[in-house]
Amino acid sequence: MEHFKGWEAEAAWDDLKFGIAHNADFDKIAVIGDSTLQSWMIKVSDIFFSADMRYFQVNQKQEAMNWLQERKEA
C-alpha cells in the first residue's frame, strides 16, 4: 500500500465488510504508516477482528515483516 493517501467512507465500509467476511482467514495483519490516526484506527480495529493487528512506522518495515513471519504462539 505504498503511496496510500487515504480512503473515503464508502471504501472504509467496503474494507470493514471484507474484514468481517474473512475474519478467520488471517492470523496477523501488519499496517505500515506514518500517522497517529492510522495507529489509532488499528488499535480500534483490533477489538473487532480475531487477527492480531499491529501498526508499524514507515521506518519499521523490516520489523513488521519479521513480526509477520514469526510463528503464532500456541
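Residues numbered from 1 in each chain as written. Predicted model: local features only at pLDDT ≥ 70, side-chain atom pairs only at ≥ 80, totals over all residues. Heavy atoms only, no water.

So, about the overall build of the protein. Of the regular secondary structure elements, the protein holds three helices and two strands. Along the protein, from the amino end to the carboxyl end, the secondary structure elements read α-β-α-β-α. Taken over 74 residues, the protein has a buried fraction of 16%. Intrachain contacts of the protein at a sequence separation of at least 6 include 60% that bridge at least 24 residues. By element, 55% of the accessible surface of the protein is carried by carbon and sulfur atoms, the whole surface being about 6,300 Å². (Helix = DSSP H or I, 4+ residues; strand = E, 2+ residues; numbered from the N terminus. Buried < 20%, exposed > 50% of the residue type's maximum accessible area, 1.4 Å probe, protein only. Contact = heavy atoms within 4.5 Å. Areas by Shrake-Rupley, 256 points an atom, 1.4 Å probe, with all protein chains shown as cover.)

This next bit is on the pairing of strand β2 (residues 52–57). The pairing of strand β1 (residues 28–33) with β2 spans six bridges and is parallel. Residue Lys 28 lies in a different strand from β2, and its bridge partner there is Asp 52. This β-α-β element, β1 to helix α2 (residues 36–48) to β2, shows right-handed connectivity. (Pairing = 2+ DSSP bridges. Right-handed = clockwise from strand over helix to strand, strands pointing away.)

Further remarks concern the environment of Met 41. Looking at the secondary structure, you find Met 41 in helix α2. When the C-alpha positions of Met 41 and Tyr 55 are compared, they lie 9.2 Å apart, and in sequence the two are 14 residues distant.

Glancing now at the packing of aromatic side chains. All told, the structure shown has one aromatic pair when counted by the stated rule. Summarising the aromatic geometry, the rings of Phe 56 and Trp 67 are spaced 5.9 Å apart at their centres and angled 50° between planes, so their arrangement reads as tilted. You can see Phe 56 sitting in strand β2 and its partner Trp 67 sitting in helix α3 (residues 61–69), a full eleven residues away along the chain. What makes Trp 67 buried here is its relative accessible area of 4%. (Phe/Tyr/Trp six-rings, centres within 6.5 Å; stacked < 30°, edge-to-face > 60°.)

Let us look at the environment of Ser 45. Note that Ser 45 resides in helix α2. For Ser 45, a relative accessible area of 22% corresponds to the partly exposed category. Separated by 29 residues in the primary sequence, Ser 45 and Leu 16 have C-alpha atoms spaced 9.1 Å apart.

Right, let's get into the confidence of the model for the protein. Per-residue pLDDT for the protein has a mean of 80; in total, 80% of the residues score no lower than 70. The lowest-confidence element of the protein is helix α1 (residues 9–21), averaging 73 in pLDDT; the highest-confidence one is α3, averaging 95. (pLDDT = per-residue confidence, 0-100.)

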